[in-house]
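Overview (structure and organization)
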Amino acid sequence: DGIVVFTTPDQATKGVYIVRAENSAGSAQAVLVVDVIGRQPEFVKNFPDLILPHLTPHHIKVSAIGLPAPDMVLSYKPTDSDRKITFTSSEVVKTDGLATLIQEIKHPQISDSGVYTITASNSYGKVTISGEITFTAVNIKPTIRNCIPYVSLPYGSILQLTPRVYGYPLPTLTWSYRDSVTTVTPDDNTMTADYATLSVTNKATARHNGFYFLRASNDVGEDTCQTIVMIESEAPVFVYGLQDAVVDEGTDHVLSFVVRGIPTPVVTLSKDGANLTYLTEKTENGVKYTHELLELSKEDGGVYIATATSETGTAVSQGEVKVRLTRVPPYFLVPPPFRLQFGEGDTQLIYVKLGGIPTPNIYLTKDGTDRIIPPKYVIFNEDKTLEYRIELPDLEASDAGKYIMSVTNGVDDTIRKTIHLELDVPTTAPPTPPATMEPGDLTVIYGIKLQPERDEFYISPLTTKDGFFTLEIPGVGNYSTEAEYRVTVTTDGFNGQVVVPSDAVITKSRPSGTSPRPKFTITVPIPVSRDMGSGYVTVSAANPRASDSVTVRLNDVQEANVAPYVDPKPETVIAYPGDTVAFVTRALGSLPLEILWSRRVGTDTVPIGNTGDYRLLSNGTLVIESVDQLKEGKYVLTLKNDEGKVEVAEVELIVVESAGYSDWGVWGPCSATCEEKRKKYRLRLCVDTTA
């Protein structure tokens with residue numbers, strides 16, 4: 001069988017076809033006549049002339065028949081132009097032998113009036129049909145279509161409002177937003193699809209939130225549209241803020257915090273007003289910021305402040321880093337005596353109490369000799385302080401002299417204190433005093449010795465009263481009448497402003513027990529002025545048998561017009577329950593100077609005086625005895641003088657639970673060559689006894 005298929009037959013397909021078949025036995029042929037049955041296009045109905053209102057959507061719909069279904073094209077010639085315009089957006093729908101052309105004129109203008117022509121064609125022919133459409137002006141009240149009442153956009157996106165406006169005459173548009181007004185006057189001959197579009201910004205932020213109001217008006221009326229715009233944003237928030245921490249000196253510590261917000265906030269990290277650098281890392285909860293503190297020192301302690309700011313708000317987080325000192329220079333809690341007296345054959349015991357990390361070493365040397373006297377006893381207290389006792393046995397007259405106590409632990413310069421060791425030798429053999437005796441009845445047979453507690457004093461607010469500093473010089477010696485007991489006082493320095501007082505007073509005391517040498521105290525009132533400076537005071541005392549003289553230095557008399565300040569500043573203290581602690585400082589500034597310590601309780605401050613377990617020293621240092629959890633908290637030091645009132649320091653007392661110790665281990669080996677200065681060691685461990 002042979003099959004011939006004509007897929008799209010037309011008039012050219014018509015004709016006579018010869019089919020020939022051959023093989024080795026012969027050939028044969030057949031004649032076929034093919035006729036294609038078709039139909040010339042024909043419009044179903046006429047295209048009438050029309051008069052239509054402008055701006056009103058209009059559809060042109062024309063059908064034609066034919067075999068095959070014809071192709072259709074729409075064109076028009078404007079009334080006021082010779083040019084021909086062909087529509088390219090027409091839709092042609094074909095079925096068996098039928099074609100339909102559909103064309104929508106959405107916003108017809110008066111200028112769209114003209115002759116509209118439709119052409120239908122297939123392989124059998126072509127036909128046309130025409131009709132005139134006239135668009136006439138009609139007054140139309142403005143109508144705003146596609147008015148969206150609420151718009152929510154991501155931060156940073158394009159903000160564009162696109163309602164549609166219709167009306168004739170073409171409306172005047174007025175956009176209003178807060179204090180901004182935009183007026184659009186359209187071209188009288190055009191009406192475009194984006195006629196009412198308002199492009200606000202290419203990067204929407206929170207400041208674009210609010211009500212947007214559109215008014216469309218013409219001679220016929222008006223229409224309005226209101227749209228609420230909300231840009232998605234979030235005020236800065238600390239998902240994880242800075243934390244308080246207590247960190248050992250010399251170790252590393254990382255500050256970290258996580259911030260979230262839209263837009264991404266600007267973040268600063270600072271301490272004492274200075275900005276710090278940081279690293280950032282994006283996480284699912286926000287941006288993580290980190291700042292590393294390496295090998296912490298005392299100066300790294302303090303309050304760190306992180307601030308996150310954006311146009312939607314500000315958030316602040318702060319954390320305090322407290323550096324637990326592991327290297328503290330030695331300091332005296334109980335200093336050695338300035339002067340000691342002994343008799344031949346006596347044994348003197350010198351007691352001092354020290355603090356410092358690591359444990360200080362202490363030794364005594366006699367000035368001008370190589371003799372080193374180590375402590376005989378050492379007591380390690382739970383509050384990390386140490387008590388030393390240095391013994392001077394079987395003293396002889398040759399042992400008298402100046403001794404130097406040296407203290408060091410490798411953190412700072414060696415501290416040295418001077419001790420004057422004096423032989424107590426009476427001028428004559430002491431008589432046996434009568435059973436009862438009044439000071440005025442004593443026979444003047446003994447010499448006199450002045451024994452000041454130290455060789456320098458500090459004039460501070462607490463040692464100054466009514467404009468005078470009271471210098472007290474104790475001594476021993478006999479006297480009969482005050483006329484026979486002479487005291488003289490001279491001064492040097494003080495910018496020449498201190499007048500030698502003439503009213504030095506001797507305070508006599510009764511002999512104690514069988515002592516033949518009564519004690520006395522010489523009281524010297526030193527007038528204090530605001531700019532007198534420092535200087536020396538020499539006190540001399542004499543009785544008919546002998547005389548003695550001492551010179552002391554008065555330090556730290558402040559200059560005039562100096563606002564209150566402290567040097568050094570007190571520091572935060574970490575202690576165990578029952579410890580005695582001190583916020584060590586020195587209050588400075590023009591006199592008179594008022595010192596006030598107080599404790600923060602909530603948002604209030606409660607003054608602290610010399611009561612109970614609190615002692616305020618003359619230099620401004622606050623001593624707290626028997627600390628416990630109730631005394632834990634922040635303490636504030638405030639100074640006041642004629643120059644003003646200043647809160648000079650805020651420190652904290654941290655009370656931690658005291659752990660226990662294991663039993664002492666065995667002594668470690670001792671070097672046979674004594675290379676370690678005969679030191680040997682043993683250990684015990686800190687054990688948590690609170691668990």
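Our structure is the block above this text.
The model shown is predicted, which means the values in this text are computed figures rather than measured ones. Sequence positions are assigned chain by chain, starting from 1 and proceeding in written order. Selection of residues for local features in this predicted model requires a pLDDT of at least 70, selection of side-chain atom pairs for listing and counting requires 80 or more, and totals for whole chains, interfaces and linings are taken over all residues. With hydrogens and water excluded, all non-hydrogen atoms of the structure serve as input to the side-chain values.

**Some words on the overall build of the protein**
A run of DSSP states H or I qualifies as a helix once it reaches four residues; a run of E qualifies as a strand once it reaches two. Both are numbered from the N-terminal end. When helices and strands are tallied, the protein shows zero helices and 59 strands. Only protein chains enter the area calculation, which uses a 1.4 Å probe; residues under 20% of their type maximum are buried, those over 50% are exposed, and those in between are partly exposed. When the 691 residues of the protein are sorted by exposure, 36% land in the buried category. Contact criterion: two residues are considered in contact whenever any of their non-hydrogen atoms come within 4.5 Å of each other. For the protein, the share of sequence-separated contacts (at least 6 apart) that also reach a separation of at least 24 residues comes to 66%. Accessible surface, the protein as shown: approximately 39500 Å² in total, 50% of it carbon and sulfur. A 1.4 Å probe and the Shrake-Rupley method give the accessible areas. Residues count as covered only by the protein chains that appear here.

**Things to note about the packing of aromatic side chains**
The description of an aromatic ring pair rests on the distance of the ring centres and on the angle between the ring planes. Here a Phe, Tyr or Trp ring, Trp counted by its six-membered ring, pairs with any other such ring whose centre lies within 6.5 Å, and the pair is stacked when the planes are under 30 degrees apart, edge-to-face when over 60, and tilted otherwise. Counted under the stated rule, the structure contains 10 aromatic pairs. Measuring from centroid to centroid gives 6.2 Å for Phe 87 and Tyr 116, while their planes differ by 25°, and the two rings are stacked. Highlighted residues: Phe 87 in the loop between β7 (85–86) and β8 (91–95) and Tyr 116 in strand β10 (residues 114–122), separated in sequence by 29 residues. By relative accessible area, Tyr 116 is classed as buried at 1%. Measuring from ring centre to ring centre gives 5.7 Å for Phe 583 and Trp 597, while their planes differ by 20°; the resulting arrangement is stacked. A residue pair is termed long-range when its members are at least 10 positions apart, and Phe 583 in strand β50 (residues 581–583) and Trp 597 in strand β52 (residues 594–601) qualify at 14 residues. Taken together through their ring pairs, the aromatic side chains of Phe 238, Phe 257, Tyr 278 and Tyr 289 make up a single cluster. In our convention, an over-ring charge means Lys NZ or Arg CZ found within 6 Å of a ring centre and within 35 degrees of that ring's normal. A cation sits over an aromatic face here: Arg 145 above Tyr 166, 4.1 Å from the ring centre. One cation-aromatic arrangement involves Lys 271 over Tyr 304; the distance from NZ or CZ to the ring centre is 6.0 Å.

**What about the sheet that holds β52?**
Only when DSSP finds a minimum of two bridges between them are two strands counted as paired. Strand order across the open sheet formed by five strands is β49-β57-β56-β52-β53, with mixed pairing between neighbours. The strands lining the two open edges of the sheet, one partner per strand, are β49 (573–575) and β53 (604–608). Taking each pair of neighbouring strands and ignoring which way they run, the sheet shows an average axis angle of 30°. Orientation is described by axes fitted as lines to C-alpha atoms, over the contacting stretch for helices, and by angles from 0 to 180 degrees between their N-to-C directions.

**Notes on the nonpolar core**
Counting 45 residues, the largest nonpolar core has Leu 471, Trp 597, Tyr 635 and Leu 653 as its most contacted members. Counting residues per element, this core draws most heavily on strand β57 (residues 644–655), at five residues. In contact with Tyr 635, other than residues within four places in its own chain, are Phe 583, Trp 597, Ser 598, Arg 599, Ile 608, Tyr 614, Leu 622, Ile 624, Ala 649, Glu 650, Val 651 and Leu 653. Nonpolar cores are built from buried Ala, Val, Leu, Ile, Met, Phe, Trp, Tyr and Cys residues. Side-chain atoms within 4.5 Å join them into one set.

**Points about the side chain of Ser 310**
Counting through the fold element by element, Ser 310 comes out in strand β28 (residues 302–310). Side chain to side chain, Ser 310 and Thr 312 meet in a polar contact 2.7 Å long. Leave out the neighbours within four places in its chain, and Ser 310 touches Pro 236, Pro 263 and Pro 265. Side-chain atoms alone can form a polar contact between residues adjacent in sequence; in general such a contact is a pair of N or O atoms within 3.5 Å, and within protein one must be able to donate a hydrogen while the other accepts it.

**Here we look at the sheet that holds strand β24 (residues 266–271)**
The mixed open sheet is built from five strands, whose spatial order is β22-β29-β28-β24-β25. Looking at the sheet topology across the chains shown, the edges are occupied by β22 (245–248) and β25 (274–276). Taken pair by pair, the neighbouring strands of this sheet meet at an average axis angle of 30°, ignoring direction. With three bridges connecting them, β24 and β25 associate as antiparallel partners. For Leu 269, the partnering residue across the bridge sits in β25 and is Leu 276.

**Focus on a nonpolar patch on the surface**
Residues form patches when they are more than 30% accessible in relative terms and have no salt bridge. Like charges link within 9 Å. Nonpolar side chains (Val, Leu, Ile, Met, Phe, Trp, Tyr) link within 5 Å. Here, a salt bridge means any side-chain nitrogen of Lys or Arg that lies within 4 Å of a carboxyl oxygen of Asp or Glu. A cluster of nonpolar side chains, contributed by Val 16, Ile 18, Val 31 and Val 33, occupies part of the molecular surface with about 430 Å² of accessible area. Elements that contribute at least two residues to the nonpolar patch include exactly β1 (15–23) and β2 (26–34). Tracing the backbone shows Val 33 in strand β2.

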